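Summary of structural features
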Amino acid sequence: MRTLRKYIAVLKVSTQNFLQYRGNILLDWLLSAMTLVVPFAFWKTIYAGRKSMAGYELSDTITYVVLTTLLGKLLVYDGIHNNVAQDIREGKLSQFLWRPINYKSYMFFNTIGKKLMDFVVMFLLFSVLLIPLDDRGFFKAALTIETWLAFLCSAFLGAILSFFLYFILGLIAFWMTECSALYITLGTLFYFLAGGLFPLDMFRELKRISKILPFQYQLYLPVKIYLGSLSTSAVIQGLGVQMIWCFVLWGLSVVIWKCGIKKYSSVGN
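Now for a quick tour of the structure. Computed from a predicted structure; not experimentally measured.

Considerations on a nonpolar patch on the surface
On the surface, M243, F247 and W250 cluster together into a nonpolar patch covering about 370 Å² of accessible area. Following the sequence through the fold, F247 ends up in helix α12 (residues 232–263). On the accessibility criterion, F247 (62% relative accessible area) is exposed.

Here it is in structure tokens:
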């Protein structure tokens, strides 16, 4: 219980730090919403004269793009690896090694604090942005409670999976002093394979490859569940695979951490 209170305190501090820069965060989300204008116009042009593509109607695709953009900001922890790498490179990791706190748990709760505030902003933006799209028939709202519950459950698992994925990416800094170029490349690739740019269904080979990788379970699966395009058995199977990947990546993070900490030497702070 004392351990849990310790990490709850980390979450509270993270939330308070977030609120100090709420204007910047709000601006960041507004700019993200504005970037939806380009794909919206792009897909409207692509669908000109077509009723559907790869089983997606225009409203399905617009819904997919909107949700992956918003969820991508909320679920994909694309900044964690940079923070982890910086702590390792600058020697800041040392302060966690002699304190009674687990570094990975600290990073998780520190990030959750920020994401909780992100969720509030996303909810408000979601409401303002999607009502006019829904009125014009460009956005599909989930109709059943079961769909919403499955979607939220999948999004939660996707968030955990994403955390471990990017935490592991940050641990590369144990072996590489400068990782920025690698992180930019892999981060872009991860987001692409997660279905963040377009539905994976539109490319059969890519979808086939992505099935054996964890990336699509960050964004693609939650959005597919929301769209109601998966059967009940497929949803249950997808949630099961998400949980398996969470355990696999957790185990992998433990192994890589143990190997990396043996090579770690504190420099800088």
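Thoughts on the packing of aromatic side chains
Tallied over the entire structure, the rule returns 20 aromatic pairs. Taking the centre distance of 5.1 Å and the plane angle of 80 degrees together, the rings of F108 and F163 count as edge-to-face. In this pair, F108 is assigned in helix α7 (residues 103–135) and F163 in helix α8 (residues 145–170), connecting sequence segments 55 residues apart. Take F108: its relative accessible area is 23%, and that puts it in the partly exposed class. Residue F163 is classed as buried on the basis of its relative accessible area, which comes to 1%. Here a set of aromatic residues connected by ring pairs shows up, and it is made of F96, Y103, Y106, F108, F109, F163, F164, F167, F174, W175 and W257.

Things to note about the nonpolar core
In this structure, W43, V84, I88, Y103, F167 and L171 are the most contacted members of the largest nonpolar core, which totals 66 residues. Only α4 (58–75), α5 (80–89), α7, α8, α9 (180–193), α11 (220–227) and α12 provide two or more residues apiece to this core. No other element matches the 14 residues that α8 contributes to this core. In contact with V84, not counting residues within four places along its chain, are Y103, M107, F167, G170 and L171.

Details of the pattern of salt bridges
Inspection of the entire model under this criterion finds 2 salt bridges. For the salt bridge of E90 with K92, the shortest nitrogen-to-oxygen distance reads 3.3 Å. For E90, a relative accessible area of 29% puts it in the partly exposed group. The salt bridge involving K224 is made with D201; its shortest N-O contact spans 3.3 Å. Of this pair, K224 sits in helix α11 while D201 sits in the loop between α9 and α10 (204–210), placing them 23 residues apart in sequence. Each member of the pair K224 and D201 is classed as buried.

Remarks on the state of the cysteines
Enumeration according to the criterion identifies 0 disulfides in this entry. Here C246 is not disulfide-linked; the sulfur of C153 is the nearest cysteine sulfur, at 10.0 Å. Of the residues examined, C246 reaches a relative accessible area of 9% and is grouped as buried.

A look at the packing of α8 against α12
Running from amino to carboxyl end, α8 crosses α12 at an angle of 20 degrees, the nearest separation of the two axes being 9 Å. In terms of orientation, α8 and α12 fall into the roughly parallel class. For the element pair α8 and α12, the recorded crossing hand is left-handed. Of the residues in α12, those in contact with A150, C153, S154, L157, G158, I160, L161, F164, L165, F167 and I168 of α8 are V235, L239, Q242, M243, W245, C246, L249, W250, L252, S253, I256 and W257. When its residues are assigned to classes, the contact of α8 with α12 shows 19 nonpolar, 4 polar and no charged.

Remarks on α11
Along α11, 8 of the 8 residues are buried, which leaves the element largely enclosed by surrounding structure. Within the span of α11, buried status applies to Y220, L221, P222, V223, K224, I225, Y226 and L227. Immediately beyond the C-terminal end of α11, within one or two residues, lies G228, with a positive phi of roughly 70 degrees.

So, the packing of α11 against α12
Orientation of α11 relative to α12, taken along the N-to-C sense of each, is 160 degrees, at an axis distance of 11 Å. Considered as vectors, α11 and α12 are oriented roughly antiparallel to each other. Once α11 is placed against α12, the crossing between them reads as left-handed. Touching L221, P222 and I225 of α11 are V235, G238, L239 and Q242, all from α12. Across the contact of α11 with α12, the residue classes break down as 5 nonpolar, 2 polar and no charged.

Rules of the game
- Residues numbered from 1 in each chain as written.
- Predicted model: local features only at pLDDT ≥ 70, side-chain atom pairs only at ≥ 80, totals over all residues.
- Heavy atoms only, no water.
- Patch = residues over 30% accessible without salt bridge, like charges linked within 9 Å, V, L, I, M, F, W, Y side chains within 5 Å.
- Areas by Shrake-Rupley, 256 points an atom, 1.4 Å probe, with all protein chains shown as cover.
- Salt bridge = Lys/Arg side-chain N within 4 Å of Asp/Glu carboxyl O.
- Helix = DSSP H or I, 4+ residues; strand = E, 2+ residues; numbered from the N terminus.
- Buried < 20%, exposed > 50% of the residue type's maximum accessible area, 1.4 Å probe, protein only.
- Phe/Tyr/Trp six-rings, centres within 6.5 Å; stacked < 30°, edge-to-face > 60°.
- Core = buried A, V, L, I, M, F, W, Y, C linked by side-chain atoms within 4.5 Å.
- Contact = heavy atoms within 4.5 Å.
- Disulfide = S-S within 2.5 Å.
- Axes fitted to C-alpha atoms, helices over the stretch in contact; angles between N-to-C directions.
- Parallel < 35°, antiparallel > 145°, perpendicular 65-115°, else oblique.
- Left-handed = near helix turned anticlockwise from the far one by under 90°.
- Nonpolar A, V, L, I, M, F, W, Y, C, P; charged D, E, K, R; others polar.

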